[in-house]
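Listed below are the residues making up each chain.
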Amino acid sequence: EAGVVQSPRYKIIEKKQPVAFWCNPISGHNTLYWYRQNLGQGPELLIRYENEEAVDDSQLPKDRFSAERLKGVDSTLKIQPAELGDSAVYLCASSQGTASSYEQYFGPGTRLTVT
Amino acid sequence: GQQVMQIPQYQHVQEGEDFTTYCNSSTTLSNIQWYKQRPGGHPVFLIQLVKSGEVKKQKRLTFQFGEAKKNSSLHITATQTTDVGTYFCAGGRNYQLIWGAGTKLIIKP
């Protein structure tokens, strides 16, 4: 079974530039998560999708971050414009259901460096 | 806001010594999950605890969920180099998982 796929694995951009991350979850997983992880910290939820619907985006900085999951499968997270403080690892995860009791499967992440 | 506190932040041990990390929540959790993240890797699910006072074991790892469902611990007996990484707890509340900051296990050379 293929795991969660993310691309790119690494991205270096200058501040004020746009950047996009792509995620393909495990087949059949209806729930998709985007997390941001800073060095030495735990994952911080940015947005949670149930199928196509964003059911929790309370922590997403909506002035510069956007996300979509148009067909309820793969998803894109965008930052525009990027700031120095956005440097982090962006993790995508998926699970079979939306309750907190479901195991989350993580992709390898995208390490973003903003210079 | 909602928080799950995890301590210690780091623990240095000699290979063969034991390791313990603790998670505490100010409010009752519906469940708690534990994940391990190897250096340079991504979090990988280890186990879930749901019942009050539950204890589960995986080889040298022992997981406990407190009676009040507000705290949890992970204990590793006789650490090995393969145990190196950061261990995260994540508490379930209102369909969300609230993540601790992790405890990094470092094996002294």
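In this numbering scheme, every chain counts its residues from 1 along its sequence in written order. Whichever chain is written first becomes A and whichever ligand is written first becomes 1, with later ones labelled in order. Local features are withheld for residues below a pLDDT of 70 in this predicted model, meaning they are given only at 70 or higher, and side-chain atom pairs are given and counted only at 80 or more; totals for whole chains, interfaces and linings count all residues. Only hydrogens and water are set aside; all other atoms, that is, all heavy atoms of the structure, feed into the side-chain values.

Caption draft 1: Expanded view of the overall build of chain A. What chain A contains, in helices and strands, is 0 helices and 11 strands. For chain A, the N- to C-terminal ordering of α and β elements is β-β-β-β-β-β-β-β-β-β-β. Each radius of gyration reported is based on C-alpha atoms, and the globular scaling rule is 2.2 Å times the count of residues to the power 0.38. Compactness check: chain A gives a C-alpha radius of gyration of 13 Å against a globular reference of 13 Å for 115 residues, within 12% of the reference. By its C-alpha atoms, chain A is 35 × 25 × 25 Å across when sized along the principal axes. Buried, partly exposed and exposed residues are distinguished by accessible area as a fraction of the type maximum, computed with a 1.4 Å probe on protein chains only: under 20%, between the cut-offs, and over 50%, respectively. Counting only residues that meet the buried cut, chain A has 46% of its 115 residues in that class. Across chain A, every contact between residues at least 6 apart in sequence was considered, and the portion connecting residues at least 24 apart equals 54%. Think of it this way: Lys and Arg go in the positive column, Asp and Glu in the negative one, and His and the chain ends go nowhere. Note on charges: their place is set at NZ of Lys, CZ of Arg, CG of Asp or CD of Glu. Placing the 12 positive and 14 negative side-chain charges of chain A at their respective mean positions leaves the two points 7 Å apart. Numbering goes from the N terminus for both helices and strands, where a helix is a DSSP run of H or I of at least four residues and a strand is a run of E of at least two. The criterion used for residue contact is that any of the two residues' heavy atoms lie within 4.5 Å.

Caption draft 2: Spatial organisation of the interface of chain B and chain A. Of the residues lining the interface, 19 residues belong to chain B; the matching set on chain A comes to 19 residues. We define buried area as the total accessible area lost by two parts upon association, computed with a 1.4 Å probe and summed across both. Of the roughly 1500 Å² buried where chain B meets chain A, counting both sides, 51% is carbon and sulfur surface. Among the residues chain B hides against chain A, the three largest losses belong to H42, Y95 and W99 of chain B. Together they make up 35% of the total. Each salt bridge in this description consists of a side-chain nitrogen of Lys or Arg and a carboxyl oxygen of Asp or Glu lying within 4 Å of one another. The tally of links between chain B and chain A comes to 0 salt bridges. For the side of chain B that touches chain A, the secondary-structure elements that each account for two or more residues are β4 (31–37), β5 (44–49), β9 (85–93) and β10 (96–99) of chain B. Examining the composition of the side of chain B that touches chain A, we find that 4 residues originate from one element, β4 of chain B, more than from any other. Throughout this entry, Asp, Glu, Lys and Arg are counted as charged residues, while Ala, Val, Leu, Ile, Met, Phe, Trp, Tyr, Cys and Pro are counted as nonpolar. The remaining residues, Gly among them, count as polar. Its residues placed into classes, the side of chain B that touches chain A shows 8 nonpolar, 10 polar and 1 charged.

Without other data, these values stay purely geometric and don't point to any function.
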